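# Examination of the molecular architecture
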Amino acid sequence: MAGPVVFALMPLPQLFDANLARSTLLAAAPLIVAGVGELGVERAGMVNIGIEGMMLAGALGAWIGSGMWGLAAGFGLAMVCGMVLAVVFAVAVLRFHADQIVTGTGVNLLALGLTGMAYRWAQEAMSQRVIPAISQQTLAWAATAVAVGLAAVIWAFFRYTRAGLELAAIGEAPEAADTAGVRVRRRKLYAILFGGACAGLAGSYLSTLRVQAFTENMTQGQGFLALAIVIFGRWNGFGIVLSAVFFELVIGIADRFIMHGGVQGQTTELLKMLPYLLSLLALAGVAGRSAAPEGLGKVYLRE
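Remember, predicted model here, so these are calculated numbers, not experimental data. (Residues numbered from 1 in each chain as written. Predicted model: local features only at pLDDT ≥ 70, side-chain atom pairs only at ≥ 80, totals over all residues. Heavy atoms only, no water.)

### Overview of the packing of helix H5 (residues 71-95) against helix H10 (residues 184-210)
Viewed as axis vectors pointing N to C, H5 and H10 meet at an angle of 140 degrees, and their least axial separation amounts to 7 Å. Looking at the two axes, H5 sits oblique to H10. Along this stretch, H5 crosses H10, giving a crossing that reads as right-handed. Together, Leu 71, Phe 75, Ala 78, Met 79, Gly 82, Met 83, Ala 86, Val 87, Phe 89, Ala 90, Val 93 and Leu 94 of H5 and Arg 185, Lys 188, Leu 189, Ile 192, Leu 193, Gly 196, Ala 197, Gly 200, Leu 201, Ser 204, Thr 208 and Leu 209 of H10 make up the contact between the two elements. Taken together, the residues of the contact of H5 with H10 break down into 17 nonpolar, five polar and two charged. (Axes fitted to C-alpha atoms, helices over the stretch in contact; angles between N-to-C directions. Helix = DSSP H or I, 4+ residues; strand = E, 2+ residues; numbered from the N terminus. Parallel < 35°, antiparallel > 145°, perpendicular 65-115°, else oblique. Left-handed = near helix turned anticlockwise from the far one by under 90°. Contact = heavy atoms within 4.5 Å. Nonpolar A, V, L, I, M, F, W, Y, C, P; charged D, E, K, R; others polar.)

The structure is reproduced here in C-alpha cells:
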C-alpha cells in the first residue's frame with residue numbers, strides 16, 4: 001500500500017508546473033495533426049487505421065530529409081511519404097472495395113517492414129549528418145500553433161465551406177450526395193490523401209522535433225491514439241485538440257507519479273496502462289457514437 005499512499009500525498013506544485021505544460025503541448029501536437037487528418041477521412045465515411053504506418057513513414061522521411069537537405073525538406077518529404085501509403089490505401093478501398101480495417105492493418109505492416117529496411121540502408125549515410133536542433137521553448141509554441149491552427153482550419157472547412165459540407169454529406173449519405181452531383185469517389189480520394197499528409201507531418205514531429213533521430217517502430221501506438229482522440233473529440237476539430245491535450249496530460253501526470261511519487265510494482269504498471277485504457281474506452285464508443293457519420297466504414301458501390 002506504500003505506492004498508493006505516496007500517490008495521494010504527492011504535492012500539487014510538484015505535479016503541475018510549466019515543464020509539465022510544455023511537455024504536454026509538445027506531445028499533443030503530433031496527435032492533434034494526425035487526428036485532424038483522420039477527421040477528414042472519417043467525415044468522408046472511411047476509417048483509416050493505417051495512420052500508424054503513415055506516421056512511421058513520415059518519421060523516417062523527415063529524419064532523412066532533414067539530415068540531407070534541412071528541416072523544411074524533411075517536413076515536405078514526411079508528408080510525401082504519408083501520401084504514398086495513402087495512395088496504397090485509397091486504391092485498395094476505392095478501386096477494389098477492400099475492407100478498410102484489413103487494408104489499414106496491411107498498410108501498417110507494410111510501413112513497419114519498409115521503414116525498417118530503409119532505416120538500415122540509410123543509417124550509415126545519416127551517421128555523417130546532423131539534424132538542426134531547435135530550442136524547446138520555440139519548438140513548443142511553433143508545434144502547438146501549427147497543430148491548433150490546422151484544427152481551426154478544418155473546423156471552419158466543415159462548418160462554412162461548400163466543399164466541407166459536401167464532404168460531410170458523403171460521410172452521412174453517399175447515395176444522396178452522388179445523386180446531387182457530388183463526385184463521391186474523387187472526394188474520398190482527396191480526404192485520404194489529406195489524412196496521409198497529416199499523418200506524415202505528425203510523424204515528422206517524432207524524428208526531428210521531439211528527438212533528432214529515427215528508431216524502428218518509434219510511433220509506438222501514436223497513430224492508434226490519434227484514432228481514439230477523433231472519437232473522444234466527437235468528430236470535431238476543437239474536440240480533437242482538447243482530447244489530445246487530455247490524453248497527454250494523463251500520460252505526463254502518470255510519468256511524474258512513476259518518477260517522483262514513489263509508486264512502484266503493480267501501481268507503476270497500472271499508471272503506464274492508463275492512457276491506453278482510455279483509448280480502448282474511446283474506441284468502444286464511450287465518447288458517444290451518436291456523433292459518428294452514418295456512413296462511417298461502409299463501402300459505397302455506385303449503381
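### Some remarks on the confidence of the model for the chain
Detailed reading of the predicted coordinates is not advisable wherever pLDDT is low. Here the chain shows a mean pLDDT of 86. Residues at 70 or above account for 84%. Taken as a whole, residues 1-9 scores under 50 in pLDDT and shows nine contacts with residues more than four places along the chain or in a different chain. (pLDDT = per-residue confidence, 0-100.)

### Side note on the nonpolar core
Ile 32, Trp 63, Ile 192 and Phe 214 are the most contacted members of the largest nonpolar core, which has 75 residues in total. Those residues in contact with Phe 214, other than ones at most four positions away along the chain, are Leu 56, Ala 59, Leu 60, Trp 63, Thr 115 and Tyr 119. (Core = buried A, V, L, I, M, F, W, Y, C linked by side-chain atoms within 4.5 Å. Buried < 20%, exposed > 50% of the residue type's maximum accessible area, 1.4 Å probe, protein only.)

### Let's talk about the pattern of salt bridges
Tallying each qualifying case throughout the model produces three salt bridges. Taken together, the salt bridges that share partners define one network made up of Arg 162, Glu 166 and Arg 187. (Salt bridge = Lys/Arg side-chain N within 4 Å of Asp/Glu carboxyl O.)

### Some details on the packing of aromatic side chains
The final tally for this structure, using the stated rule, is nine aromatic pairs. On the basis of an interplanar angle of 55 degrees and a centroid distance of 5.4 Å, the ring pair of Tyr 119 and Phe 214 is categorised as tilted. Here the residue Tyr 119 occupies a position in helix H6 (residues 100-126), and Phe 214 occupies one in the loop between H10 and helix H11 (222-232), the gap between them amounting to 95 residues. Take Tyr 119: its relative accessible area is 14%, and that puts it in the buried class. Aromatic ring contacts, followed pair by pair, group Trp 63, Tyr 119 and Phe 214 into a single cluster. Positioned above the aromatic ring of Phe 158, the side-chain terminus of Arg 43 is 4.5 Å from the ring centre. One cation-aromatic arrangement involves Arg 95 over Phe 96; the distance from NZ or CZ to the ring centre is 5.3 Å. (Phe/Tyr/Trp six-rings, centres within 6.5 Å; stacked < 30°, edge-to-face > 60°. Lys NZ or Arg CZ within 6 Å of the ring centre and 35° of its normal.)

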